[in-house]
Amino acid sequence: MGDNANVIDQSKPSIARVYDYILGGKDNYEVDRAIGDHFKVALPGSVAIAFTNRQALIRAVRTMAEAGLTQFLDFGSGLPTADNVHQIAQGINPDARVVYIDNDPIVLAHGRALLATNDNTTVIHADVRDSTAIRADPEVSRLIDFDKPIAVIFSAILHHLNDDEDPQAVVAYWADQVPVGSSVFISHFRSGDNVETVEAEAKLQATFGRGRWRTDDEITALFGDLAVREPGVIPAARWNQDPGVADGSADGELSVWEELIVAAIADKH
């Protein structure tokens, strides 16, 4: 790993730090808060996207761990927050192993501090697009046995890949690497064909040069040949909820913003 992996550029906004700020975290800088405040003020309601996505991730990890999966690869993991993947998985099975992957050096720094005493969990600095380098990383090899089923997590990360970066190929690579019995979780910005989608996508593109809202069909296609579980790609606020429980407003209806983040799990048979 080069020295640049540990360099935190406070002059440029970071997707991980903006997300941290929106979720109420403190690991962010003024430049990140300026972007976060744009979403909070100019696009009121967009904060719900971050929160409903986080809750869906928690339910996904719990579901996969309760099904017996004990190995987790979390791509674009972001900064540590409450109810992290390793805490949920290891709360169900203390022997669960988790590898967090992120290209933001602040995630590496905070992750290493958090996980210093957890031998079954690690964080590596890598770009989600560099699949072969991630696969060859010694920390991945130390914790993940690719002969046994693996839970692969792409939580709110693939929409940060533009079409020419081929997010479907990223998923396909890992679907090929993992054995039968593995599962893949994806949550993704969903195109609503409305002004909210257009404004939010434009802000991300202007700030980071990336950010692609996709249709339900496009998101389903990211799973490739994997078997998508019923009910398929649906709003994250509704996905995998316990009976009688639903996110959203008091009347049970989802806001336009909550409709703009969806989730699904697919299995390798």
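See the structure shown above.
Here we summarise the structure given alongside this text. Computed from a prediction, not measured in an experiment: that's the story for all the values here.

### Here's the deal with the overall build of the protein chain
Then step 1. When its secondary structure is counted, the protein chain shows ten helices and eight strands.
Then step 2. Taken over the C-alpha trace, the protein chain has a radius of gyration of 17 Å; the compact-globule value for 269 residues is 18 Å, and the two agree within 12%.
Then step 3. Overall, the C-alpha framework of the protein chain stretches about 45 × 45 × 35 Å when taken along its three principal axes.
Then step 4. Within the protein chain, buried positions represent 49% of all 269 residues.

### Focus on the nonpolar core
Then step 1. In this structure, Val-61, Met-64, Phe-72, Val-85, Ile-153, Phe-185 and Trp-239 are the most contacted members of the largest nonpolar core, which totals 45 residues.
Then step 2. At nine residues, the largest contribution of residues to this core is made by helix 3 (residues 47-66).
Then step 3. When sequence neighbours within four positions are dropped, the list of residues in contact with Val-61 reads Phe-72, Val-85, Ile-88, Ala-89 and Ile-153.
Then step 4. Core analysis: the second largest hydrophobic core is formed by 33 residues, Phe-75, Ala-126, Leu-222 and Val-233 among them.

### Some details on the layout of surface pockets
Then step 1. The calculated volume of the largest pocket comes to roughly 1,000 Å³.
Then step 2. Taken together, 46 residues make up the lining of the largest pocket; nearest its centre are Ser-14, Ile-15, Ala-16, His-160 and Phe-208.
Then step 3. Among the secondary structure elements, those contributing two or more residues to the lining of the largest pocket are helix 1 (15-22), helix 3, strand 2 (97-102) and helix 9 (195-208).
Then step 4. Grouping the amino acids of the lining of the largest pocket by side-chain chemistry returns 26 nonpolar, ten polar and ten charged.

### Topic: the pairing of strand 5 (residues 183-189)
Then step 1. Along strand 5, seven of the seven residues are buried, which leaves the element largely enclosed by surrounding structure.
Then step 2. Judged by which residues are buried, strand 5 turns out to be covered on both faces: Ser-183, Phe-185, Ser-187 and Phe-189 on one side and Val-184, Ile-186 and His-188 on the other are all buried.
Then step 3. Where strand 4 (residues 151-155) and strand 5 come together, five bridges link them in parallel fashion. Residue pairing across strands places Val-152 opposite Val-184, the latter belonging to strand 5.
Then step 4. Between strand 4 and its parallel partner strand 5, the chain crosses via helix 8 (residues 167-177), and the hand of that crossover is right-handed.
Then step 5. Bridge analysis of strand 5 against strand 8 (residues 261-267) gives seven bridges, and the strand direction is antiparallel. Of the residues in strand 8, the one forming a bridge with Val-184 is Ala-266.

### Regarding helix 2 (residues 30-42)
The α-helix advances 3.6 residues per turn, and as a result positions three or four apart in sequence lie on the same side.
Then step 1. Under the 1.5 Å per step criterion, the end-to-end length of helix 2 is 17 Å for 13 residues, consistent within 8% with the ideal 18 Å.
Then step 2. Next to the buried residues of helix 2 lie helix 1 and helix 9.

The rules behind the values
- Residues numbered from 1 in each chain as written.
- Predicted model: local features only at pLDDT ≥ 70, side-chain atom pairs only at ≥ 80, totals over all residues.
- Heavy atoms only, no water.
- Helix = DSSP H or I, 4+ residues; strand = E, 2+ residues; numbered from the N terminus.
- Rg over C-alpha atoms; globule rule 2.2 N^0.38 Å.
- Buried < 20%, exposed > 50% of the residue type's maximum accessible area, 1.4 Å probe, protein only.
- Core = buried A, V, L, I, M, F, W, Y, C linked by side-chain atoms within 4.5 Å.
- Contact = heavy atoms within 4.5 Å.
- 1 Å grid on protein atoms, 1.4 Å probe; cavity = no way out; pocket = protein on both sides within 12 Å on 5 of 7 lines; lining within 4 Å.
- Points joined across faces, edges and corners; volume = space filled by probe spheres on them.
- Nonpolar A, V, L, I, M, F, W, Y, C, P; charged D, E, K, R; others polar.
- Pairing = 2+ DSSP bridges.
- Right-handed = clockwise from strand over helix to strand, strands pointing away.
- Expected span 1.5 Å × (residues − 1).

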